[in-house]
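# Structural overview for review
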Amino acid sequence: MRHAVDLSGRVAIVTGANSGIGRSIALEMAAAGARVVVNHRPNEDAERRGADVVQAILRAGGQAVTAAADISREEDVEGLFRVALDHFQNVDILVNNAGIERPAAIQDMTLAQWQAVIDTNLTGQFLCARAAVRAFLNRASPASADGAAGKIIFISSVHEVIPWAFQANYAASKGGVSLLMQSLAQELAPLKIRVNSVAPGAIRTPINAPAWNTPESMASLLKLIPYGRIGEPEDVARAVAWLACDDSDYVTGSTLFVDGGMTLYPAFRGAG
Ligand code: NAD
C-alpha cells in the first residue's frame, strides 16, 4: 500500500543520489513535490547517472538539479550547498545517503580501506549535517509556521547494531552514525530541527550485489530475513519520505529499521 506524503515546495539534498537507494529517495521525494538536489561523485559515470535521475524527475513534471561533490571533502560539501541555495534559495531536508564498503579481514585491512569508509560514511555525513544546520539557521524566513525548521535523515544500516565480520570499518562507521544522529537530535530539537536515521537491511543495490545476484547467495541471504524477501530501494525511500514530511513532526532521534526483521535475531527462531 502506498503511503502518500506531501513535500510540496520543500528543497531536499540527497547525497549519492545517482545510484541505488539514493536514486530511489530522490525520485520518491520529487514525486511527493520536493525540489531535489541530486548529488553525485565528481566523475563521468556518476555524472551521467545523476543526470539520468534529474531527467526522470523533470519528465515526471518535478524539479531537480545535479550537484557534483565528494562528500568526504569539506570544500566539495560547501559547493554542494551553494548549488542548492543558488538554484532553490533554501534547504529544508538533507538525506545523508552516500556510503561505501571496503571489506577486508582485519589483519589485512589497510589504513586506506579503513580511512575511505570512515571518511565517506561518518565524516562525510558530519560535514553534510553541519552544512545543513548552517543553512537551516541562516534562512531569511522560517521553514514553516507549524512544522520543523529543517530535517536531517541519516541512511545508516542494520550494521549500526549488528556486528559485521570482515567489514569492521563499515560497522564502526554506522555505529558512529547512530550516536552522531542521536547527539544532533538532542542538540537541535530546541531549534526545531529534526534528526533521524533510516537503517536498511539487505536492499537490492550495487553496493551488495554479491549478496543477492546468484540463486545460492540469495537463498543464504533470505535465511537472515524473517519477512522472506530482499528489500527494494523503494522500501527505504518511502520511509525516508515519511520522516522528511510533517506527518512525522513529533519524531526525532529515532532509527527506523527497514529490514524485513533482520535485526530480530532470526537464527533464534525455534532455538535457545
Ligand atoms: P550504491 O553503491 O548503489 O550507492 C551509494 C552511492 O553513494 C553511489 O551513488 C556512490 O557514488 C555514492 N558515493 C560514495 N561515496 C561518495 C562520496 N564520497 N561522495 C558522494 N557520493 C558518494 O549503494 P546503496 O545500497 O544505494 O547505498 C546507499 C546507502 O545505504 C549507503 O550509506 C549504504 O551504506 C546504505 N545501506 C545500504 C544497504 C543495502 O543493502 N544496499 C543496507 C544498509 C545500508
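So, a few notes on the structure that sits alongside this text. (Residues numbered from 1 in each chain as written. Predicted model: local features only at pLDDT ≥ 70, side-chain atom pairs only at ≥ 80, totals over all residues. Heavy atoms only, no water.)

## Points about the environment of Asp249
In this structure, Asp249 sits in the loop between helix H7 (233-244) and strand S7 (255-258). As a C-alpha pair, Asp249 and Gly147 span 102 residues in sequence and 6.6 Å in three-dimensional space. (Helix = DSSP H or I, 4+ residues; strand = E, 2+ residues; numbered from the N terminus.)

## Comments concerning the sheet that holds strand S5 (residues 150-155)
Taken in spatial order, the seven strands line up as S3-S2-S1-S4-S5-S6-S7 in an open sheet, and their pairing is parallel. Only two strands of the sheet have a single neighbouring strand rather than two, namely strand S3 (63-68) and S7. Within the sheet, the average angular offset between the axes of one strand and its neighbour, ignoring direction, is 20 degrees. As paired strands, strand S2 (residues 35-40) and S3 are joined by six bridges and run parallel to one another. Note on S3: the bridge partner recorded for Val38 is Thr66. On top of the sheet, helix H4 (residues 111-138) reaches strand S4 (93-96), S5 and strand S6 (193-200); it is set at about 170 degrees to S5, its chief contact. Packing of H7 onto the sheet brings it into contact with S4, S5, S6 and S7, and relative to S6 it is tilted by some 165 degrees. (Pairing = 2+ DSSP bridges. Axes fitted to C-alpha atoms, helices over the stretch in contact; angles between N-to-C directions. Contact = heavy atoms within 4.5 Å.)

## Re the nonpolar core
Counting residues in hydrophobic clusters, the biggest one holds 34 residues, and the most contacted among them are Leu7, Ile25, Met29, Val36, Val38, Val198 and Val240. For this core, the secondary-structure elements that each account for two or more residues are strand S1 (11-14), helix H1 (20-31), S2, helix H2 (44-59), S4, S5 and H7. Per-element accounting of this core gives the leading share, seven residues, to H7. If sequence neighbours within four positions are ignored, Val198 has contacts with Ile153, Phe154, Ile155, Ser156, Ser157, Val236, Ala239, Val240, Leu243, Leu256 and Val258. Membership of the second largest hydrophobic core comes to 33 residues, among which are Ala69, Ala129, Val177 and Leu188. (Core = buried A, V, L, I, M, F, W, Y, C linked by side-chain atoms within 4.5 Å. Buried < 20%, exposed > 50% of the residue type's maximum accessible area, 1.4 Å probe, protein only.)

## A word on unusual backbone geometry
Positive phi outside glycine occurs at Gln89, with the angle close to 70 degrees. Following the sequence through the fold, Gln89 ends up in the loop between helix H3 (74-88) and S4. Unusually for a residue other than glycine, Tyr265 sits at a positive phi of about 50 degrees. You can see Tyr265 is positioned in the segment after S7.

## Considerations on the pairing of S1
Where burial is concerned, the two faces of S1 agree: the one with Val11 and Ile13 and the one with Ala12 and Val14 are both buried. Note: S1 against S2, four bridges, orientation parallel. Considered in S2, the bridge of Ala12 is made with Val36. Regarding topology, H1 serves as the crossover connection from S1 to the parallel S2, and that connection is right-handed. Pairing between S1 and S4: three bridges, direction parallel. Opposite Val14, over in S4, you have Val95 as the bridge partner. (Right-handed = clockwise from strand over helix to strand, strands pointing away.)

## Brief notes about the pairing of S6
Here S6 lies mainly inside the structure; eight of its eight residues are buried. Residues Ile193, Val195, Ser197 and Ala199 line one face of S6 and the alternating positions Arg194, Asn196, Val198 and Pro200 line the opposite face, and both faces are buried. For S6 and S7, the ladder comprises four bridges, and the chain directions are parallel. In the strand pairing of S7, Pro200 is matched with Val258.

## Details of the site of the ligand
Around the ligand, the surrounding shell holds 28 residues, and the nearest of these are Ser19, Ile21, Asn97, Tyr170 and Thr205. Asp70 is positioned such that a nitrogen or oxygen atom in its side chain is 2.9 Å from a nitrogen atom of the ligand. Thr205 is positioned with one of its side-chain polar atoms (N or O) 2.5 Å from an oxygen atom of the ligand. Relative to its unbound accessible surface of 820 Å², the ligand loses 94% to contact with the protein. When contributions to the shell around the ligand are tallied by element, the ones reaching two or more residues are H1 and helix H5 (168-188). A breakdown of the residues in the shell around the ligand according to their chemical character gives twelve nonpolar, 13 polar and three charged. (Near = heavy atom within 4 Å. Polar contact = N/O pair within 3.5 Å; in protein donor to acceptor, adjacent residues only side chain to side chain. Areas by Shrake-Rupley, 256 points an atom, 1.4 Å probe, with all protein chains shown as cover. Nonpolar A, V, L, I, M, F, W, Y, C, P; charged D, E, K, R; others polar.)

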